[in-house]
Amino acid sequence: MSTILRPRDLAFMLHDVIGVERFANHPAHAGQTRADYDQILDLAEGVATREWAPLAARLDVEEPAFENGRVRIIPEAKAALDAYWAAGFQTAGFAEELGGMGLPFTVAQGVSAWFNAANVSLNGYAMLSVGVGAMLAAHGSESQIAEYLPPILEGRWTGTMCLSEPQAGSGLADIRTRAEEQPDGTYRLFGSKMWISGGEHELSENIVHMVLAKIPGGPAGVKGISLFIVPKILADGTRNDIRLIGLNHKMGFRGTTNCALNFGDEGGAVGWLVGEKHNGLACMFHMMNEARIGVGLGAACLGYTGYLHALEYAKERKQGRAPDMKDPTSPPVPIIGHADVKRMLLQMKSYAEGALMLVLYGASLVDEARLGDEGAAALLDLMTPIMKSWPSEYGLRANEIAIQVFGGAGYTRDYPVERLYRDNRLNHIHEGTRGIQGMDLLGRKIPQGGGAGLHRLAAAIEATAGEAAMRPGLSELAESLRYAAARAMKTTETMTGAAHAAGPAAYLANATIYLDMLGHVAVAWLWLKQALVAEAALEGASGEERAFLSGKLTAARYFHRYELPAIGPACDLLEAMDRTCLDAAPESL
């Protein structure tokens, strides 16, 4: 059994629940079949398993080093990335006319799942490069697309996003990097950027930095931010004025270089404006929103592979006896026979598979929105902060529980679960912290379009619950989902109704709790969708397939019975507009 991902589960989510084949009706994917999608997924499994997974532990121990002005990374890392690029995975989600495979975004995310689970550090370089390519395809000029996109899709060039600065962090309104326009239409950039993943290495011929900066004389705050292409190597082969200050050594993702960069120490780094002046944040959000889906996918996959490692260990590790086994000389039993270990495994399964389903469903909304479905676009906007943050929280909890299943062995480097936990802990920070996602959801996405996204979610939930209510084996779950959805809607109405009187600070004070609450409702809904498909297919199934389908039903019941009720106290707190945290005096902490 694979301890990276379960191929059957990925196929179940993509084909049986989402039905990705329907996207082949669009001209952009015309002629594609399930066999095409399965072939690329099988190829991804093979490359991820053979080339990427064996390097994960070594990259963690032998992390990149800054030596003599250069970054040293183990040579096998480049070989593994070269295998990825040679197979064309970088191009999966790009249109054929741009040199891509033209696959639906959902299938491309399924491909990416294998590499996230196998070696998330290596995947950092690939994910960022795909994001740069997609952003340029959407907002770059024809000449910029022609110059930069082909080498990115070929894997010869990689990319970064340069947002944060030492003094600003997530507060982009306070960035100081400036861009001075030149007579030839280029810009010279001056400033420092911090926490730049993939910011310096020798894994590719060039690195394309997408840099946020302010043009002097522009509007204050975020309205004055512009976006620039700033390549490491210029077209004439000379090195741009970008200097690596040092590497940040993080607890996880240790194989992905994380850099402090200076721009313009020797006269200015040469850059080219992307899109309109002072509209850089809007352009960058194209990359950031897709990156948020990517972060959620990575978090789900890390939780998933941690679960599979724990499951395998629980089947092999023998310890203790059942409570009704009175003979102390009887042999120990595998720990998977103990009820509490099964509880932990079910908890991990419900989190990891629920998170993966959440992100893949969200990816399908990207495809539906591209087909012109305005309702899907509204739901995608609503779900994006949930897709990023819920897996980052509950995928991490799955990794934490995996360590517990391993017992003392889980804290050692003899097993991968401690590394997977460290890797996943970073996803709370990547592409906007959990608190930022909560404020984005409650402050922007909930009221957006008159609540269109939330209404679309409520309608989808009711459609699924209505179908499940007709099946005796699922009627209990339908009832629990309907109750939870109604409670979430009531809480939202109460909060938005009181927002004006309470003020924005009180309204947003518990936004993270709201994010988790609505995330739980969304995941419970998607578990019920999985249960509907599994129950329908169970009749006539046998052997491993029957066990797989039964596992889906058991996990759905677990999540609805053990996890979903937690939204009750959360809703009580939210409806009360509790001010405990808001009013806490700093000196009292």
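Residues numbered from 1 in each chain as written. Predicted model: local features only at pLDDT ≥ 70, side-chain atom pairs only at ≥ 80, totals over all residues. Heavy atoms only, no water.

- The name given to the chain in an unreviewed UniProt entry is Acyl-CoA dehydrogenase, and the organism recorded there is Pikeienuella piscinae.
- The heading Cofactor (unreviewed entry) in the UniProt record of the chain holds the text "FAD".
- The record in UniProt for the chain states the following under Sequence similarities (unreviewed entry): "Belongs to the acyl-CoA dehydrogenase family." (UniProt positions renumbered as here; feature names shortened; annotations may be inferred.)

Some details on the overall build of the chain
Move 1: When helices and strands are counted, the chain shows 19 helices and 10 strands.
Move 2: Against the globule reference of 25 Å for 589 residues, the chain gives a C-alpha radius of gyration of 24 Å, in line with a compact fold.
Move 3: Viewed in the frame of its principal axes, the chain has a C-alpha envelope of about 85 × 60 × 60 Å.
Move 4: When each of the 589 residues of the chain is scored for burial, the buried share is 57%.
Move 5: For the chain, restricting intrachain contacts to residue pairs at least 6 apart in sequence, the fraction spanning at least 24 positions comes to 75%.
Move 6: For the chain, the computed accessible surface area is about 23,400 Å², with 54% contributed by carbon and sulfur atoms.
Move 7: Between the centroid of the 52 positive side chains of the chain and the centroid of its 67 negative side chains there is a distance of 4 Å. (Helix = DSSP H or I, 4+ residues; strand = E, 2+ residues; numbered from the N terminus. Rg over C-alpha atoms; globule rule 2.2 N^0.38 Å. Buried < 20%, exposed > 50% of the residue type's maximum accessible area, 1.4 Å probe, protein only. Contact = heavy atoms within 4.5 Å. Areas by Shrake-Rupley, 256 points an atom, 1.4 Å probe, with all protein chains shown as cover. Lys, Arg positive; Asp, Glu negative; His and termini not counted. Charge placed at Lys NZ, Arg CZ, Asp CG, Glu CD.)

So, the pattern of salt bridges
Move 1: In this structure the tally under the stated criterion is 41 salt bridges.
Move 2: Put simply, Glu76 and Arg58 hold a salt bridge, and the shortest N to O gap is 3.0 Å. With a gap of 18 residues between them, Glu76 in helix H4 (residues 75-86) and Arg58 in helix H3 (residues 56-61) connect regions that are remote in the sequence.
Move 3: Taking relative accessible area as the criterion, Arg58 reaches 31% and is therefore assigned partly exposed. (Salt bridge = Lys/Arg side-chain N within 4 Å of Asp/Glu carboxyl O.)

Comments concerning the environment of Leu41
Move 1: In this structure, Leu41 sits in helix H2 (residues 34-52).
Move 2: By relative accessible area, Leu41 is classed as buried at 8%.
Move 3: Sequence-wise, Leu41 and Gly198 are 157 residues apart; in three dimensions their C-alpha atoms are separated by 26 Å.
Move 4: Not counting chain neighbours up to four residues away, the residues in contact with Leu41 comprise Leu10, Leu14, Val107, Gly110, Val111 and Trp114.

Quick word on the side chain of Gln437
Move 1: Secondary-structure assignment places Gln437 in helix H12 (residues 434-445).
Move 2: Its relative accessible area of 1% is what places Gln437 among the buried residues.
Move 3: With residues near it in sequence (within four places) discarded, Gln437 still touches Arg292, Pro385, Lys388, Ser389, Glu431, Gly432 and Leu515.

A closer look at the domain arrangement of the chain
Move 1: Here the chain is described as being made up of domain 1 (7-158), domain 2 (159-278) and domain 3 (449-581).
Move 2: Averaged C-alpha coordinates put domain 1 and domain 3 at centres separated by 32 Å.
Move 3: Across the contact, 6 residues belong to domain 1 and 8 residues belong to domain 3.
Move 4: For the pair domain 1 and domain 3, the two sides together bury roughly 590 Å², of which 72% comes from carbon and sulfur.
Move 5: The largest per-residue losses of area from domain 1 upon contact with domain 3 belong to Arg8, Phe12 and Val17, which jointly make up 74% of the total buried on that side.
Move 6: In this assembly, domain 1 and domain 3 are joined by 2 salt bridges.
Move 7: Note that Glu545 is salt-bridged to Arg8, the shortest N-O span being 2.8 Å.
Move 8: On inspection of domain 1 and its partner domain 3, the count reaches 2 residue pairs in polar contact (both at pLDDT 80 or more).
Move 9: For the side of domain 1 that touches domain 3, the per-class residue count stands at 3 nonpolar, no polar and 3 charged. (Domains from an automatic or database assignment. Buried area = accessible area lost by both parts, 1.4 Å probe. Polar contact = N/O pair within 3.5 Å; in protein donor to acceptor, adjacent residues only side chain to side chain. Nonpolar A, V, L, I, M, F, W, Y, C, P; charged D, E, K, R; others polar.)

A closer look at the UniProt feature "domain: Acyl-CoA dehydrogenase/oxidase N-terminal" (unreviewed entry) in the chain
Move 1: Mapped onto the present numbering, the UniProt feature "domain: Acyl-CoA dehydrogenase/oxidase N-terminal" (unreviewed entry) falls on residues 37-155.
Move 2: Within the segment residues 37-155, helix and strand shares are 67% and 5% respectively, and the terminal C-alpha atoms sit 22 Å apart.

What about the side chain of Arg419?
Move 1: Mapped onto the fold, Arg419 is located in helix H11 (residues 417-425).
Move 2: For the buried Arg419, which has no salt bridge, the nearest side chain bearing the opposite charge is Asp423, at an N-O separation of 4.2 Å.
Move 3: The contacts of Arg419, once residues within four sequence positions are left out, are Ala56, Ala57 and Asp60.

What to know about the UniProt feature "domain: Acetyl-CoA dehydrogenase-like C-terminal" (unreviewed entry) in the chain
Move 1: As annotated in UniProt, the feature "domain: Acetyl-CoA dehydrogenase-like C-terminal" (unreviewed entry) corresponds to residues 458-584 in the numbering used here.
Move 2: This span, residues 458-584, is 84% helix and 0% strand, and a straight line between its end C-alpha atoms measures 35 Å.

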